[in-house]
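Fold and geometry: a report
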Amino acid sequence: CWIALYGKAYDLTKFGKVHPGGAHLIYENAGKDATAVFDPIHPKDIMEKLLKPSLTMGNVDPASITAEHIAKAPEKKAAAKKAPNKSAAGAAVVEVEDFVKPPLAAMLNTFDFESVARETMEPQAWGYYSS
């Protein structure tokens, strides 16, 4: 089971079984350039850091990659709008606003950064980074 990432092909046959996100993520993208799926979740250099050099199969010629050989990143789901709450009398309406990132200068500690990351990252990426 090989996957292309950033112009290199990797043999992930054995690694797929122990992949923290599940083997299905590896095997569903077998034989494809999975950079679009990989990039939002992992650091670019993680393959060189974690895999044995023998698992790097070589470079992939970009001209040889066709649209059918490119793994599609999952589409972002639109945030569900919460229905306004009404009081028993039906008069008071409370609207929930979308999350707005605070300015960087307002970030004082790692808790602040984690709170923003939890709200802004894709659930799968947050699961990876927070584990």
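The paragraphs below set out a description of the structure included in this document.

For the rest of this paragraph, the subject is the overall build of the protein. A count of helical and extended segments in the protein gives 5 helices and 5 strands. Along the chain direction, N to C, the helices and strands of the protein fall in the order β-β-α-α-α-β-β-β-α-α. A buried classification covers 22% of the 131 residues belonging to the protein. For the protein, restricting intrachain contacts to residue pairs at least 6 apart in sequence, the fraction spanning at least 24 positions comes to 60%. Just so you have it, the protein exposes about 9,900 Å², and 59% of that area is on carbon and sulfur atoms.

Moving on, we come to the pattern of salt bridges. Evaluated as defined, the whole model comprises 2 salt bridges. In this structure, Lys 8 and Glu 48 form a salt bridge, with 3.8 Å as the shortest nitrogen-oxygen distance. Taken as a pair, Lys 8 in strand E2 (residues 8–11) and Glu 48 in helix H3 (residues 46–50) lie far apart in primary sequence, 40 residues in all. Relative accessible area serves as the criterion here: at 30%, Lys 8 is assigned to the partly exposed category. By relative accessible area, which is 47% here, Glu 48 ends up partly exposed.

Evaluation of the coordinates by the stated rule reveals 1 aromatic pair. Taking the centre distance of 5.9 Å and the plane angle of 80° together, the rings of Tyr 6 and Phe 38 count as edge-to-face. In this pair, Tyr 6 sits in the loop between strand E1 (2–5) and E2 while Phe 38 sits in helix H2 (residues 35–38), placing the two residues 32 residues apart along the sequence.

Below, the discussion takes up the side chain of His 42. Structurally, His 42 can be placed in the loop between H2 and H3. Beyond its immediate chain neighbours, meaning those up to four positions away, His 42 contacts His 19, Tyr 128 and Tyr 129.

With that out of the way, let us pick up the side chain of Asp 33. Position of Asp 33 among the secondary structure elements: in the loop between helix H1 (23–27) and H2. Summary of buried charges: Asp 33 has no salt-bridge partner, and the nearest side chain of opposite charge, Lys 72, is 10 Å away.

It is worth spelling out the pairing of E1 at this point. Relative to E2, E1 is paired through 4 bridges, and the arrangement is antiparallel. Paired with Leu 5 across the bridge in E2 is Lys 8. Linking E1 to E2, which pair antiparallel, is a turn of 2 residues; within it Tyr 6 sits at a positive phi near 50°.

On to the environment of Ala 34, then. Locating Ala 34 in the fold gives a position in the loop between H1 and H2. Relative accessible area serves as the criterion here: at 5%, Ala 34 is assigned to the buried category. Counting along the chain gives 37 residues from Ala 34 to Ala 71, while the straight-line C-alpha distance between them is 4.9 Å. In contact with Ala 34, not counting residues within four places along its chain, are Ile 3, Ala 4, Leu 5, Asn 29 and Ala 71.

Right, let's talk about the nonpolar core for a bit. The biggest cluster of nonpolar side chains holds 12 residues, and these are Ile 3, Leu 5, Tyr 10, Leu 12, Ile 26, Ala 34, Val 37, Phe 38, Ile 46, Met 47, Leu 51 and Ala 71. Other than its neighbours up to four places away in sequence, Ile 46 contacts Phe 38, Leu 51 and Tyr 128.

So, about unusual backbone geometry. Backbone geometry follows two general trends: most residues other than glycine have a negative phi, and most peptide bonds adopt the trans configuration. In this structure, Tyr 6 is a non-glycine residue whose phi angle is positive, near 50°. Since its relative accessible area comes to 28%, Tyr 6 is described here as partly exposed.

Conventions adopted
Residues numbered from 1 in each chain as written. Predicted model: local features only at pLDDT ≥ 70, side-chain atom pairs only at ≥ 80, totals over all residues. Heavy atoms only, no water. Helix = DSSP H or I, 4+ residues; strand = E, 2+ residues; numbered from the N terminus. Buried < 20%, exposed > 50% of the residue type's maximum accessible area, 1.4 Å probe, protein only. Contact = heavy atoms within 4.5 Å. Areas by Shrake-Rupley, 256 points an atom, 1.4 Å probe, with all protein chains shown as cover. Salt bridge = Lys/Arg side-chain N within 4 Å of Asp/Glu carboxyl O. Phe/Tyr/Trp six-rings, centres within 6.5 Å; stacked < 30°, edge-to-face > 60°. Lys, Arg positive; Asp, Glu negative; His and termini not counted. Pairing = 2+ DSSP bridges. Core = buried A, V, L, I, M, F, W, Y, C linked by side-chain atoms within 4.5 Å.

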